[in-house]
Each structure stands twice: as structure tokens, then as C-alpha cells.
Amino acid sequence: MKKISVDSLKEGLIFTHPVYIEGDNILVPAGAAIRKKDIDRLRSWGIDTVETDGIPIKPADIDAIHEQAQKAAASKTPESKTEPSVISLSEVHENKGVYRTYTELIERLDQIINEIGAAVSVESRSIDSITGRLIQAVRDQRNSMIGYILGGEVSGFELAKSSVNSAILSALIAAEMHLPNHKIMQVVTGALLHDVGMLRLPKEIVTKKGGLSASELQRMQAHPLYAFRIVTKELLYPEDVGIIVLQHHERWDGEGYPRKVIGANIDVGARIVSVADAFEAMVSQKPYRNSMMGYQAMKNLLSDNSRRFDPDVLKAFIQTMGIYPIGSIILLNNGALARVIEIHGTAPLRPRIRILIDENGKSNKQDEGETIDLLNDRNLFIARAVDPKEASKKNA
């Protein structure tokens, strides 16, 4: 990087790449104008030079850079499989209504992720727009949004999809814990951005199928630090949001990373995103493993015993998701196969279900099967959860 004298900096000056102070501390991100107070601060610190790989550009050129990044992202669109599986909802098949909102949130976040990865300046209000739309969708269509995490068939956009799913779950937990609205906004924003630090890691580490070497693991565990810098220095969010992305891999027992923060010293938003991220990671297809069904993922969380997760956050998650999350395929004691469509927070083992294949082996179309509330029908109970792949074969 080339050195630039602080005396040569002018208010309003814009560079094509981030401007750094003493190595890796960002003064301003790419495309952001240098402010008078930035220059005054450098002088008060006794700093004579800054560094950048960029060159000065005119403000009018910023729009062209944004447009180029957006065109690259727009060349891809979320896709749904032509034929829905047994767990798909009608909105998934028809690509209408709230499912369209869900896919648009993923697509828009993917565009922003592409811009961040290309070191293009991103305005926080574009992310705030996604946060607001997501929270409203969760409030208006809670069950559908949960169902898409297990049953939605969006392909590609892995980082954006994972982040949107984690944000949906985080919004539900935060609401269940009765956090104030401004904190819910911060938690959802943190969930959307919690893994942007991955953009600063070599692709071969992020997508590696086998175990990581000691040095690779060390680099991987640095991604919350990278994310904190992106969120606070490039996107200019307050530290209340930055601390969520910084601490989302800290553990309740103090054995997490990057700083081994323990218990209630971990920000509550980070504790929420930690649970949401863990569940989403287990139920989503990854390059290095197959997805886990919702019930098994929930069992794994329940066996934590206060090691990794805040017990109160985990309790709120179970109350909002149930033991058998919406979209789960279950086998009843009478041999019928059903899909969970609604849960009861006070009775997580007795959700509302829709019959897919009845006890006589008759198969039903997506939304034509009988609905049964197990809270009211005590003769029926769930025998076990069923892998969706197994269910698809039975319904073929």
C-alpha cells in the first residue's frame, strides 16, 4: 500500500479502496468521504501518514461502482426446484406472497455481500431496509417464515440464505424474550451480518470439506474480528451491533472465541445469534456435510447443558420453535405421516399438524390433508421424526 500524507487529505476526498491507519485499522471504507473530524483526529493522535491501495475518485463515480456490483449480483436469482418435495409449502411451489419476500431478502442481501466482498462502499440504510422487511414478515407470517428454513428450496446464495435464516430465528427469539424494539433491530442486523468476516478468509478454507489444520483453524476463528471491523468501520454501525458479530462464537462456559468471554458478560444479542446460527447450520446443506432434520438439531441444542448456550435463550428458542419445528415431518402412533404446521409454546411435544399420508396409506396433496391439533386429540402422539428424504420416497 502507498503512504499518503495527512496534510494532503482534504474534507470530502474519496478513495477507491479503504484508507488505513497503521496497518489494518480502517480510517474510512472504500467510497466513503473523508470528514474534517477524521483529519482532526489523525492530527490529534500525532499520525502523519495513512495507507491505501486506492486512488482518489470523483463522487459521481461512486454510482457507477455500485451499479457494476449490483449487475454482477443480479445475474443470479434464487431458484426453486420445478417439483416441490413433500415438505414444500404451496407458496414455495407457486413462488408467491411471503415466499417471494423471503427470496427477495436473500437476493438483496447477496447483492450487499458481493459489494462488501469487492470492498465497495455500502450504506447501512440498505441493510436497515432488509432488517425492517424481515422483522415485519416474521410478525405477519411467522409460521411460513419458519417453515421456509426447513422446507424452502432456494438453491445457491449460501452465505446470504444462511444469514437471512439466522436473522429470522434471531427475531423470533428476541421477541419471545420481550426485548425492546430497538434491540430487536440490532439483533436482526447483527444476525444478517454475523458471518461477513468470512469474506476476508481464503475461499479454500471456508469451503474445505475435511478438518482444518491448526493454522487454518486459527484463521477461521478470526472471522468475528474481521466482521466487527466491517460492521463498525466500513458500514459505520454503532458498537452495539458490532459486539453481536464479534461475540457470536463466544460460549456460555467461556471456552469460545475470539476472546473467551463468559456467561452474562456476552452481549444478549450475541447469545441469541449463537443459538440461531447453530440451529441454522445444522439444518442447512453445507459443502462438508448433509443437513440434519429439525428434530435432531433441536435435540442437539437441548443436550448442551449450559456449555455453549445461555439456558434462558435456549428456553426461549424452544418455546418459539417447539421440539418439532414447523416444517418437520413426523410419524404418528397410528402410522400416518404428517408435517408440523404450528407449534404450541406451552406444549412443544403436541403441535398442530397436516396429514400427508394417512393411516391407510392414502397420499394427500400439499394443502389438502386433514389438519389435527395434537393438543386437543390425546389419542394421537408423535412416534418419531422422519427424515424428509425418507418421507419423499414414501410419498412417491
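This text goes with the structure placed above it.
One structure accompanies this document, and this report is about it.

Here is what the cut-offs are and how they apply
Residues numbered from 1 in each chain as written. Predicted model: local features only at pLDDT ≥ 70, side-chain atom pairs only at ≥ 80, totals over all residues. Heavy atoms only, no water. Pairing = 2+ DSSP bridges. Helix = DSSP H or I, 4+ residues; strand = E, 2+ residues; numbered from the N terminus. Axes fitted to C-alpha atoms, helices over the stretch in contact; angles between N-to-C directions. Buried < 20%, exposed > 50% of the residue type's maximum accessible area, 1.4 Å probe, protein only.

**Overview of the sheet that holds strand 9 (residues 352–357)**
Then comes step 1: Strand order in the open sheet formed by 5 strands is 10-9-8-7-11, and the pairing between neighbours is antiparallel. Every interior strand has two partners, whereas the edge strands, strand 10 (371–373) and strand 11 (382–386), have only one. On average, each strand axis in the sheet is inclined to that of its neighbour by 40°, with strand direction left out of account.

**A few points about the pairing of strand 8 (residues 337–342)**
Then comes step 1: Among the 6 residues of strand 8, 5 are classified as buried, and the element is accordingly described as predominantly covered.
Then comes step 2: Alignment of strand 7 (residues 329–332) against strand 8, held across 3 bridges, turns out to be antiparallel. Along strand 8, the bridge assignment pairs Ile 329 with Arg 339.
Then comes step 3: In textbook terms, the turn of a hairpin is the stretch between consecutive antiparallel strands, and for strand 7 and strand 8 this stretch comprises 4 residues, one of which, Gly 335, has a positive phi near 95°.
Then comes step 4: Looking at chain direction, strand 8 and strand 9 are connected through 5 bridges and run antiparallel.

**Looking at unusual backbone geometry**
Then comes step 1: Omega for the bond connecting Tyr 257 with Pro 258 falls within 30 degrees of zero, at 15°, which places this linkage in the cis form.
Then comes step 2: Within the secondary structure, Pro 258 is located in the loop between helix 12 (239–247) and helix 13 (268–283).
Then comes step 3: A positive phi angle, near 60°, is found at His 178, a position not held by glycine.

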